[in-house]
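Now for the letters of each chain:
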Amino acid sequence: MKRMIILAGLILCAQPVMAKGDAQAGEQKAMMCVACHGATGKVSVPMYPNLAGQNEAYLEHSLKAYKKGERSGGQAEVMKAYVSGLSDEDISNLAAYYASMKP
């Protein structure tokens, strides 16, 4: 029985943290992303990534990493400037918005 409880606890701890942003609020913040990532989250310039349909938790993690300066190379400095004024809630909402779009 003790092993079952420990196993259940490990399984619960191993579950990924689910992001829980508000996609509608994220749509309002996404206006600043359109120039590089497109109005539909799909780009026409290959040097920028498509955001539409990306995993919400991944997007949130990435935006927070840019904000903290944990990413370098490519357009990292540009991204850092864009996300520096965003709150954690704004970041969650942006992630939810782009994750809700069709890839």
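Everything here concerns the structure above.
To start, this report covers the structure provided alongside it. Here the structure is a predicted model, which is why all the values come from computation and not from measurement. (Residues numbered from 1 in each chain as written. Predicted model: local features only at pLDDT ≥ 70, side-chain atom pairs only at ≥ 80, totals over all residues. Heavy atoms only, no water.)

1. Points about the layout of surface pockets
What the largest pocket holds in volume is close to 500 Å³. Surrounding the largest pocket, 28 residues form its lining, H37, P49, L51, Y66 and M79 being those nearest its centre. The set of elements that each furnish at least two residues to the lining of the largest pocket consists of α3 (34-37), α4 (56-68), α5 (76-83) and α6 (88-100). A class-by-class count of the residues in the lining of the largest pocket yields 19 nonpolar, 8 polar and 1 charged. (1 Å grid on protein atoms, 1.4 Å probe; cavity = no way out; pocket = protein on both sides within 12 Å on 5 of 7 lines; lining within 4 Å. Points joined across faces, edges and corners; volume = space filled by probe spheres on them. Helix = DSSP H or I, 4+ residues; strand = E, 2+ residues; numbered from the N terminus. Nonpolar A, V, L, I, M, F, W, Y, C, P; charged D, E, K, R; others polar.)

2. Some details on the nonpolar core
The tendency in soluble globular proteins is for nonpolar side chains to be buried as a group. L63, V83, L94 and Y98 are the most contacted members of the largest nonpolar core, which has 17 residues in total. Breaking this core down by element, the ones donating at least two residues are α4, α5 and α6. Considering every element that reaches this core, the biggest residue donor is α6, with 5 residues. (Core = buried A, V, L, I, M, F, W, Y, C linked by side-chain atoms within 4.5 Å. Buried < 20%, exposed > 50% of the residue type's maximum accessible area, 1.4 Å probe, protein only.)

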